[in-house]
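# Structural characterization, general
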Amino acid sequence: MLWTAFIWGFLGSFHCIGMCGPIALALAGKDKNKYLVNKLLYNSGRTLTYSLLGGLVGLLGFSLAMAGIQQWLSILTGGVLLIMAFSYRKSETWISNSFLSAALAKLKSRLGRTIRPGGSRAFALSGILNGFLPCGMVYMALMASLGLQGPIQGMAYMFFFGLGTFPVMILLMISGNAFSAGFRLRVNRLLPYFALIVGTLFIIRGMGWGIPYLSPSLSFPAAQATELLDGNITHCE
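In short, a report on the structure. (Residues numbered from 1 in each chain as written. Predicted model: local features only at pLDDT ≥ 70, side-chain atom pairs only at ≥ 80, totals over all residues. Heavy atoms only, no water.)

Here the focus is the packing of helix 2 (residues 36-84) against helix 6 (residues 136-148). At their nearest, the axes of helix 2 and helix 6 sit 4 Å apart, and the two run at 85° to each other. One way to sum up the angle between helix 2 and helix 6 is to call them roughly perpendicular. Along the lines of polarity and charge, the residues of the contact of helix 2 with helix 6 split into 16 nonpolar, seven polar and no charged. (Axes fitted to C-alpha atoms, helices over the stretch in contact; angles between N-to-C directions. Helix = DSSP H or I, 4+ residues; strand = E, 2+ residues; numbered from the N terminus. Parallel < 35°, antiparallel > 145°, perpendicular 65-115°, else oblique. Nonpolar A, V, L, I, M, F, W, Y, C, P; charged D, E, K, R; others polar.)

See below:
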């Protein structure tokens with residue numbers, strides 16, 4: 001499923017230009033010599049935050065899988081992604097207007113103070129903080145990380161998601177006119193359909209039809225542990 005993360009990041013970055021674009025352009029304005037390393041630091045900071053969040057969500061998915069709902073969790077993940085496909089913008093509004101609004105206001109204020117000095121440290125820290133801003137694309141990618149049911153898998157998924165955003169965001173920081181509004185609109189229209197594909201893949205994966213790489217037979221970690229323990233006891237006897 002990691003290939004979906006990279007494509008998701010690439011396509012989603014055109015949507016995220018609306019949220020992250022002004023911040024990226026503000027940083028690029030302070031980057032008078034246009035050092036590529038500073039742009040890489042900013043985007044690496046975002047990817048680091050995404051990866052850590054993916055690890056936490058993946059750990060939650062692993063805990064749920066250990067409870068014996070591994071296949072149902074994958075199916076549920078796919079179902080939620082299908083629902084969010086055409087409503088991911090609402091998640092951004094809901095988060096912004098929820099009980100987290102005060103925390104988000106402080107985060108944006110902190111982000112503004114971090115940007116002002118400029119320099120490599122500002123680029124890196126701004127990227128790390130930017131990763132916490134509301135973004136429907138990130139939420140859907142995190143939902144996919146939950147469905148992968150493991151902290152390492154979750155981190156890897158969000159790492160590739162962040163990596164997929166690099167080309168668009170770096171080009172934007174080099175030239176604010178790199179992408180026309182019409183082009184971004186056409187790409188954004190593809191996002192719901194790609195989300196439908198990923199959601200469907202998770203549902204098929206959860207069905208456990210025994211199809212290699214697409215719908216493998218999923219076993220429950222708890223059951224595996226029990227079988228292993230029983231085998232060791234029998235061997236000792």
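From this point, things continue past the structure.
So, on to the nonpolar core. One finds Trp8, Tyr42, Met137, Met140, Tyr157, Met158 and Phe161 to be the most contacted residues of the largest nonpolar core, which totals 50 residues. Counting residues per element, this core draws most heavily on helix 1 (residues 2-30), at 11 residues. (Core = buried A, V, L, I, M, F, W, Y, C linked by side-chain atoms within 4.5 Å. Buried < 20%, exposed > 50% of the residue type's maximum accessible area, 1.4 Å probe, protein only.)

Further remarks concern the environment of glycine 136. With respect to the helices and strands, glycine 136 occurs in helix 6. By relative accessible area, which is 0% here, glycine 136 ends up buried. The sequence separation of glycine 136 and lysine 90 amounts to 46 residues, and the corresponding C-alpha distance is 7.8 Å. Excluding its chain neighbours within four sequence positions, the residues that come into contact with glycine 136 are Met84, Tyr88, Ser91 and Glu92. (Contact = heavy atoms within 4.5 Å.)

Next up on the list: the side chain of serine 13. Relative to the elements of secondary structure, serine 13 occurs in helix 1. Among the residues examined, serine 13 registers a relative accessible area of 1% and is labelled buried. In this view, serine 13 contacts Thr165, Val168 and Met169; residues no more than four positions away in its chain are not counted.

Residues of helix 3 (residues 88-96) that are buried: Tyr88, Ser91, Glu92 and Ile95. Burial along helix 3 is one-sided: seen end-on, the buried residues are contained in an arc of 100°. Along helix 3, the residues that are exposed and aim more than 90 degrees away from the buried face are Lys90 and Trp94. (Arc of directions from axis to C-beta.)

Even without glycine at this site, glutamine 149 takes up a positive phi of about 60°. Tracing the sequence through the fold places glutamine 149 in the loop between helix 6 and helix 7 (151-174).

Once that is clear, we can look at the packing of helix 2 against helix 7. The N-to-C vectors of helix 2 and helix 7 enclose an angle of 155°; their axes lie 7 Å apart at closest approach. Comparing their axes, helix 7 and helix 2 come out roughly antiparallel. As helix 2 runs across helix 7, the sense of the crossing is right-handed. Looking at side-chain class alone, the contact of helix 2 with helix 7 contains 17 nonpolar, 10 polar and two charged residues. (Left-handed = near helix turned anticlockwise from the far one by under 90°.)

Moving on, we come to the environment of isoleucine 152. Locating isoleucine 152 in the fold gives a position in helix 7. Overall, the relative accessible area of 62% leaves isoleucine 152 in the exposed class.

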